Amino acid sequence: MGVSSPAIFHMKLIVRQALKAVGAAAQAKKSFERCVDIGKAVNDSLVTIGRQAHETISKDVCVVGSGIHNEPGVEHISPFPSVESLIRHCLNQLCDPDDKERAFVSFENKDDQIVLLINNYGGLSNLELGALADEVIIQLDSAWKISPVRIYFDPALLTAVLRRGCDAAIAAEPKLTEWDMVMGDGDCGEAVKGVSEAIIALLDGPHSIAADGSIFTALFVILQAVDDMGGTLGAILGILLSAFTSELQKSPSRDGLSLGLYSTALAAAAESLKQYTAAREGDRTVMDVLLPFAKAFASSNDFSSAVNVAVTRPRVRDSSSPSLEGQRVWERTRGKNYRIPERGPCLSL
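As a starting point, this report considers the structure included with it. The structure displayed is predicted, hence computed values, not measured ones. (Residues numbered from 1 in each chain as written. Predicted model: local features only at pLDDT ≥ 70, side-chain atom pairs only at ≥ 80, totals over all residues. Heavy atoms only, no water.)

What to know about the overall build of the protein chain
Consideration 1: Of the regular secondary structure elements, the protein chain holds 13 helices and 6 strands.
Consideration 2: Relative to its full complement of 349 residues, the protein chain shows a buried share of 40%.
Consideration 3: Excluding contacts between residues fewer than 6 apart, the proportion of contacts in the protein chain whose partners are at least 24 apart in sequence is 62%.
Consideration 4: Of the accessible surface of the protein chain, which amounts to about 19,300 Å², a share of 53% is contributed by carbon and sulfur atoms. (Helix = DSSP H or I, 4+ residues; strand = E, 2+ residues; numbered from the N terminus. Buried < 20%, exposed > 50% of the residue type's maximum accessible area, 1.4 Å probe, protein only. Contact = heavy atoms within 4.5 Å. Areas by Shrake-Rupley, 256 points an atom, 1.4 Å probe, with all protein chains shown as cover.)

Below you can see the structure in the form of structure tokens.
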């Protein structure tokens, strides 16, 4: 994960954002006095690294505790430390109960629910921000026994859903390979099968990725498996999953079984993906399936009907004027008994 320099790392560990909590209470018709009490309770449960005044940052310097409007932080570190050591340093300042200057909140009550907020000043991509958040979560758990609240499933349900999807992908390997031998270099099926088998192994391992029922725990580990997948398809799916995870994290919903939660996040992730590829529906790529599926799922919140749209929708952008890739395929396969499917996903990456 790359971090530019000069850079600012700003992190807050909060129980709830005060303004949002007070606003929600007001919308729920709580009394003014009750709203004030809620605001004070949230404020009393806030930890943050402080600030002073504006400043200019030299190269190879990390500023800890800078304000969002470039207010100076409380500490300069040079040379710029590794991400892991920087996170460790910041968490020590936020969570150490023996730090008399900063121990504003006790995290010893295991019944408390902790929300983690990481500000991105715009210098990190969604992929890098997701990796950073993953490292923070790992260190919170290992060093401080803190697990930020997330969207939870029944672990058995999450395991079943992931396994069923992977089994279906593995079963589709021969067809994916056949289509990609016509449209590409023939490695798509094996790549999909490989990452699906890797995910199943993670489900069946001693520390199952679905054991705690957290969709985010599963997604973070699956993202790593997809990164290891390699190739253009791995990159496309990695960007999509990273954006999808980021969108889920933004959602205020606590209902992990709401289809609307996932359809909205997927639609936004598909839009983010478009920033990284010029391929669109009709270009004989994985986007032929992904884009109509995401659009149909977002509009209907019906997973099955969205799958049906994805299966039946793909077409060459203009049948009277084949795409460049279609022309290349025709040249490459001329005189051979290959039949390009007229329906169904054509994967060329």
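Remarks on helix α2 (residues 32-44)
Consideration 1: For α2, with 13 residues, the first-to-last C-alpha span of 18 Å sits near the 18 Å given by 1.5 Å per residue.
Consideration 2: By the burial criterion, the buried members of α2 are Cys35, Ile38, Gly39 and Val42. Taken end-on, α2 shows its buried residues confined to a sector of 100°, consistent with a single buried face. Every exposed residue of α2 that faces more than 90 degrees away from the buried side is listed here: Glu33, Lys40 and Asp44. (Expected span 1.5 Å × (residues − 1). Arc of directions from axis to C-beta.)

Digging into the packing of aromatic side chains
Aromatic rings considered in pairs are described by the distance between their centres and by the relative angle of their planes.
Consideration 1: One pass over the full model with this rule turns up 4 aromatic pairs.
Consideration 2: When the centroid spacing of 6.4 Å and the interplanar angle of 35° are considered together, the rings of Phe244 and Tyr262 count as tilted. Placement of the pair is Phe244 in helix α9 (residues 231-250) and Tyr262 in helix α10 (residues 259-273), with a sequence separation of 18 residues.
Consideration 3: Ring centres of Phe297 and Phe303 lie 5.7 Å apart, and the angle between their planes is 85°; on these two criteria the pair is classed as edge-to-face.
Consideration 4: The rings of Phe293, Phe297 and Phe303 are connected pair by pair, giving a single aromatic cluster. (Phe/Tyr/Trp six-rings, centres within 6.5 Å; stacked < 30°, edge-to-face > 60°.)

Comments concerning the environment of Gly230
Consideration 1: For Gly230, the position within the fold is in the loop between α8 (215-229) and α9.
Consideration 2: The class for Gly230 is partly exposed, based on a relative accessible area of 32%.
Consideration 3: Residues Gly230 and Ala191, spaced 39 residues apart in sequence, show a C-alpha to C-alpha distance of 8.1 Å.

Some details on the pattern of salt bridges
As a working rule, side chains carrying opposite charge can pair if their charged atoms are close by.
Consideration 1: Taken as a whole and assessed by the stated rule, the structure comprises 4 salt bridges.
Consideration 2: When the shortest N-O distance is used, the salt bridge between Lys175 and Glu178 registers 3.5 Å. Note that Lys175 and Glu178 are positioned in helix α6 (residues 173-183) at a spacing of 3 residues, about one turn of the helix.
Consideration 3: A relative accessible area of 45% places Lys175 in the partly exposed class.
Consideration 4: Classification of Glu178 as partly exposed rests on a relative accessible area of 39%.
Consideration 5: Of the charged contacts, one joins Glu271 and Lys274 as a salt bridge, the two residues approaching to 3.1 Å between their closest N and O atoms. (Salt bridge = Lys/Arg side-chain N within 4 Å of Asp/Glu carboxyl O.)

Here's the deal with a nonpolar patch on the surface
Consideration 1: Residues Leu259, Phe303, Val307 and Val311 make up a contiguous nonpolar surface patch of roughly 320 Å² in combined accessible area.
Consideration 2: For Val311, the position within the fold is in helix α12 (residues 303-312). (Patch = residues over 30% accessible without salt bridge, like charges linked within 9 Å, V, L, I, M, F, W, Y side chains within 5 Å.)

Notes on the side chain of Asp180
Consideration 1: In this structure, Asp180 sits in helix α6.
Consideration 2: A polar atom in the side chain of Asp180 sits 3.0 Å from the backbone nitrogen of Cys188. (Polar contact = N/O pair within 3.5 Å; in protein donor to acceptor, adjacent residues only side chain to side chain.)

Topic: the packing of α9 against α10
Consideration 1: Running from N to C, α9 and α10 point in directions that differ by 135°, and their axes come no closer than 8 Å. Considering their axes alone, α9 and α10 lie oblique with respect to each other. Of the two elements, α9 crosses α10, and the hand of that crossing is right-handed. On α10, the residues that touch Ile236, Ile239, Leu240, Ala243, Phe244, Glu247 and Leu248 of α9 are Leu261, Tyr262, Ala265, Leu266, Ala268, Ala269, Ala270, Ser272 and Leu273. (Axes fitted to C-alpha atoms, helices over the stretch in contact; angles between N-to-C directions. Parallel < 35°, antiparallel > 145°, perpendicular 65-115°, else oblique. Left-handed = near helix turned anticlockwise from the far one by under 90°.)

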